[in-house]
Structure formats: structure tokens, C-alpha cells
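Each chain, letter by letter, is given below.
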Amino acid sequence: MKILKWLSVADRFYKIYLDKQLAPFGINSSQHMFLIKICDSPGILQDSLLDMFYVHPSNIVRTIAALEKQELITRSPNDQDKRTWQLYPTHRALSVIEDIRTVCEETEALLLQGFSEAQKDTFTALLMQAGKNITAQLHIERKEDEFND
């Protein structure tokens, strides 16, 4: 059970570290990936986030509400289906997104400190395979390209 222990330790402490680094931007470790995706894909449908981030729909609703409250995103009804929302980054989000990406890259570099490039590639591939294994066991269907983000 060493793997489960160290996955838990790494997860818990990288989130604490990332929360501190992202605090000046008004977001946390649970929100950054949503904001990056919205900035990369203005007009993205809120429902499509369900298929990307492996979280419960209520978590997406809470995260979107928090980002909207921070004036980092806006929502507008989808013209094709009024039951869904399109999400757009605000000027504020676009002005800080590169800094947020830098924080994320630096945090990832910290996690992988001391790894050779080959070890980084192997670790990433193994972690992705582990994710595929557990989602398959839980019968969560994923598209192959969704594991590449």
C-alpha cells in the first residue's frame, strides 16, 4: 500500500502548496484547471467540463460560481440549448492566465525535481495508465485524447 500512501501524500501537499501560490489570483488548486480550459476555449459549454475533469457535476457548478464571483469568467446561455451555459474568460482572467500557468508549471517542476527527462516521461505515462485503469474499473468512459491533458 506504499503507492496509495504516497499518491495521497503528494496530492495533499501539492494542493496545499498550489493553494498558497494561487491565492494572489483569487483561485485555488481545485479551480485552476477549469480557468485554464475556459481561457483556452472561450465559449466552452459548461457540460463539456464534466467529460474533462472527472468530478461530480455539483463540483463544477460550485467552481463555475466561484470563478464567476471572482469576476474571472462570465456565463451566457447556449443559443442551441438554453439549458446549458457557455463560459467565457473575463479581461481579468486573460490578464493573469499566463502567471497562473507559470505557477502550475513551477509546481509540477517541484513535484518532479530530481527526475531525469526519461523518468519524467515514464512517470507521466505510468500515472496516466493508472488513471486509465481505475476509470475503466469504475466504468467511466473516456476518450483517449482526454488522458493527454
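The structure reproduced in this document is the subject of the present report. None of these values were measured; they are calculated from a predicted model.

So, on to the environment of Ile 44. One can find Ile 44 in strand 1 (residues 44-45). Ile 44 sits in the buried class, given a relative accessible area of 10%. Counting along the chain gives 31 residues from Ile 44 to Arg 75, while the straight-line C-alpha distance between them is 9.8 Å.

Looking now at the nonpolar core. Core analysis: the largest hydrophobic core is formed by 24 residues, its most contacted members being Ile 27, Leu 35, Leu 49 and Ile 100. At the level of elements, helix 1 (2-22), helix 2 (32-40), helix 4 (57-69) and helix 5 (91-111) are the ones that each hand at least two residues to this core. If one sorts the elements of this core by residue count, helix 5 sits on top with six residues. Ignoring sequence-local partners within four residues, the contact set of Leu 49 consists of Phe 34, Lys 37, Ile 44, Ile 60, Ile 64 and Leu 87.

What follows is about the state of the cysteines. Enumeration over the complete set of coordinates arrives at zero disulfides. Of all cysteine sulfurs in the structure, the one in Cys 104 sits closest to Cys 39, which takes part in no disulfide; the separation is 12 Å. Judged by its relative accessible area of 11%, Cys 39 falls in the buried class.

Let us now look at a nonpolar patch on the surface. Taken together, the side chains of Met 1, Ile 3, Leu 4, Leu 7, Phe 115, Phe 123 and Leu 127 present a nonpolar region at the surface, about 780 Å² in accessible area. At three residues, helix 1 tops the list of elements feeding residues into the nonpolar patch. Within the secondary structure layout, Ile 3 lies in helix 1. On the basis of relative accessibility, which here comes to 67%, the residue Ile 3 falls in the exposed class.

Okay, the packing of aromatic side chains next. Under the counting rule described, the total for this entry stands at two aromatic pairs. Considering the side-chain rings of Phe 34 and Phe 53, the 4.6 Å spacing of their centres and the 55° angle between planes classify their relative orientation as tilted. Of the two residues, Phe 34 is situated in helix 2 and Phe 53 in helix 3 (residues 50-53); the sequence distance between them amounts to 19 residues. Residue Phe 34 shares its accessibility class with Phe 53, and that shared class is buried. With a centroid separation of 5.6 Å and 90° between ring planes, the pair formed by Phe 115 and Phe 123 is classed as edge-to-face. Relative accessible area serves as the criterion here: at 31%, Phe 115 is assigned to the partly exposed category. Judged by its relative accessible area of 38%, Phe 123 falls in the partly exposed class. A cation over an aromatic ring shows up here: Arg 75 above the ring of Trp 85, its NZ or CZ 4.1 Å from the ring centre.

Rules and cut-offs
Along each chain, residues carry numbers from 1 onward, in the same order as the chain's sequence is written. Restriction of local features to residues with pLDDT of at least 70 applies here, the model being predicted, together with a cutoff of 80 or more for giving and counting side-chain atom pairs; totals for whole chains, interfaces and linings are based on all residues. The basis for every side-chain value is the complete set of heavy atoms in the structure, and neither hydrogens nor water enter the calculation. Put simply, DSSP H or I for four residues or longer makes a helix, DSSP E for two residues or longer makes a strand, and each gets a number counted from the N terminus. Partly exposed describes any residue whose relative accessible area lies between the buried limit of under 20% and the exposed limit of over 50%, with all areas from a 1.4 Å probe on protein chains only and scaled to the type maximum. For this analysis, a nonpolar core means a set of buried residues of the types Ala, Val, Leu, Ile, Met, Phe, Trp, Tyr and Cys, connected via side-chain atoms within 4.5 Å. Note on contacts: a residue pair qualifies if any of its non-hydrogen atoms lie within 4.5 Å across the two residues. In what follows, a disulfide is any cysteine sulfur pair within 2.5 Å. For patch detection, residues must exceed 30% relative accessible area and be free of salt bridges, and they are connected within 9 Å for like charges or within 5 Å for nonpolar side chains (Val, Leu, Ile, Met, Phe, Trp, Tyr). Computed by Shrake-Rupley with a 1.4 Å probe, the accessible areas treat only the displayed protein chains as cover when residues are assessed. One side-chain nitrogen of Lys or Arg within 4 Å of one carboxyl oxygen of Asp or Glu is enough to make a salt bridge. Stacked, tilted and edge-to-face are the three classes applied to pairs of Phe, Tyr and Trp rings, where Trp contributes its six-membered ring and a pair requires centres within 6.5 Å; stacked means planes under 30 degrees apart, edge-to-face means over 60, and tilted covers the rest. Two conditions define a charge located above a ring, namely a distance within 6 Å from the ring centre to NZ of Lys or CZ of Arg, and an angle within 35 degrees of the ring normal.

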